[in-house]
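Topology and contacts: notes
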Amino acid sequence: MPLSFRSKSHSNIAFGFFNIESDMLLLEKYFFFADDFCEWINQMAKQDDVGLKSLQCNVYDIADPNDIGDLMGAIHGMLFTGFIGKLYTLFPFPDDPKAFKQNPEGFKTREVVKSYIESFSAIKDISIEIYKDGQAKIGPYLFDKSVFHELIRYVWQGGYPCWKNEVRPEYVMGMKESIQKSRNSFFKGVFSS
């Protein structure tokens with residue numbers, strides 16, 4: 001389930017997984033797959049500390065909030081509007097609350113999820129940037145370093161409700177390994193207690 005994270009540019013914004021059978025993430029009106037996010041972080045972690053860091057990324061942009069849908073309505077099986085509602089008609093919220101765990105094999109639903117989102121969105125090129133002052137930006141959303149680290153840890157833990165059987169996909173494991181090996185000071189402390 002997406003959580004609210006504090007941005008420096010847009011106040012609180014939603015970020016996270018929104019259906020346990022898909023590995024897609026949302027960031028307000030932008031949608032992208034978790035392995036893409038992890039690869040973006042891998043690439044940023046491999047850069048050194050000198051100057052501005054910037055990476056161009058493609059996301060699905062849903063401009064009209066009505067086309068995004070109503071997550072809580074879909075979870076409760078009452079309102080299936082927009083992209084999220086359409087996805088919940090295919091992959092409904094589990095009847096047993098104990099089954100509410102993020103599926104580490106969510107990538108297996110990728111083709112059907114893509115076919116659904118393509119009818120509601122446009123591909124948009126955005127940048128992820130890391131600045132010398134310790135701030136980071138995804139598209140228009142500016143974060144301080146500690147909140148950006150929270151976004152990374154959210155994906156690492158499988159969001160809320162965490163990964164099913166505590167099994168993480170390989171791309172998530174690879175992201176952590178890249179961060180731990182990184183010489184980029186921005187990533188220092190992401191996984192330290």
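Located above this text is the structure these notes cover.
In this text, all values refer to a predicted model and were calculated from it rather than measured experimentally.

Tallying secondary structure elements over the protein chain gives seven helices and eight strands in all. A compact globule built from 193 residues would reach a C-alpha radius of gyration of about 16 Å, and the protein chain, at 16 Å, matches this within 12%. Relative to all contacts within the protein chain whose residues are 6 or more apart in sequence, the contacts with residues 24 or more apart total 63%. Carbon and sulfur atoms form 49% of the exposed surface of the protein chain, whose accessible area is close to 9600 Å².

A few words on the nonpolar core. Core analysis: the largest hydrophobic core is formed by 40 residues, its most contacted members being F15, F37, F148 and F187. Apart from the residues within four sequence positions on either side, F187 is in contact with I41, M44, A45, I130, H149, I152, I179 and S182. Ranked by size, the runner-up nonpolar core spans 19 residues in total, among them F18, F31, Y88 and V113.

The end-to-end C-alpha separation of helix α6 (residues 145-157) is 18 Å, in line with the 18 Å expected for 13 residues at 1.5 Å each. Just beyond α6, the residue with positive phi is G158, at close to 85 degrees.

With that settled, consider the pairing of strand β1 (residues 3-6). Here β1 runs beside strand β2 (residues 12-17); their pairing, made up of four bridges, is antiparallel. The partner of S4 across the bridge, within β2, is A14. Hairpin connection from β1 to β2: five residues lie between these consecutive antiparallel strands, with S11 at a positive phi of about 60 degrees.

Procedures and definitions
- Per-chain numbering applies: the sequence of each chain, read as written, is numbered from 1 onward.
- Per-residue local features are limited, in this predicted model, to residues with pLDDT of at least 70; the limit for side-chain atom pairs, both in listing and counting, is 80 or more; totals at the level of whole chains, interfaces and linings are taken over all residues.
- Side-chain metrics in this entry use all non-hydrogen atoms of the structure; hydrogen atoms and water are not considered.
- Runs of H or I in DSSP of at least four residues are treated as helices and runs of E of at least two as strands, each being numbered from the N terminus.
- For a compact globule the rule gives 2.2 Å times the number of residues to the power 0.38, and the radius of gyration it is set against comes from C-alpha atoms.
- Note on definitions: a residue-residue contact is assigned when non-hydrogen atoms from the two residues lie within 4.5 Å.
- Residue-level accessible areas treat just the shown protein chains as cover; the underlying method is Shrake-Rupley with a 1.4 Å probe.
- Within this scheme, the nonpolar core is defined by two criteria: the residues are buried Ala, Val, Leu, Ile, Met, Phe, Trp, Tyr or Cys, and they are joined through side-chain atoms within 4.5 Å.
- Each residue's exposure class comes from its accessible area (1.4 Å probe, protein chains only) as a fraction of the maximum for that residue type: buried when under 20%, exposed when over 50%, partly exposed otherwise.
- By this rule, a helix spans an expected 1.5 Å times one less than how many residues it contains.
- A pair of strands counts as paired when DSSP detects no fewer than two bridges linking them.

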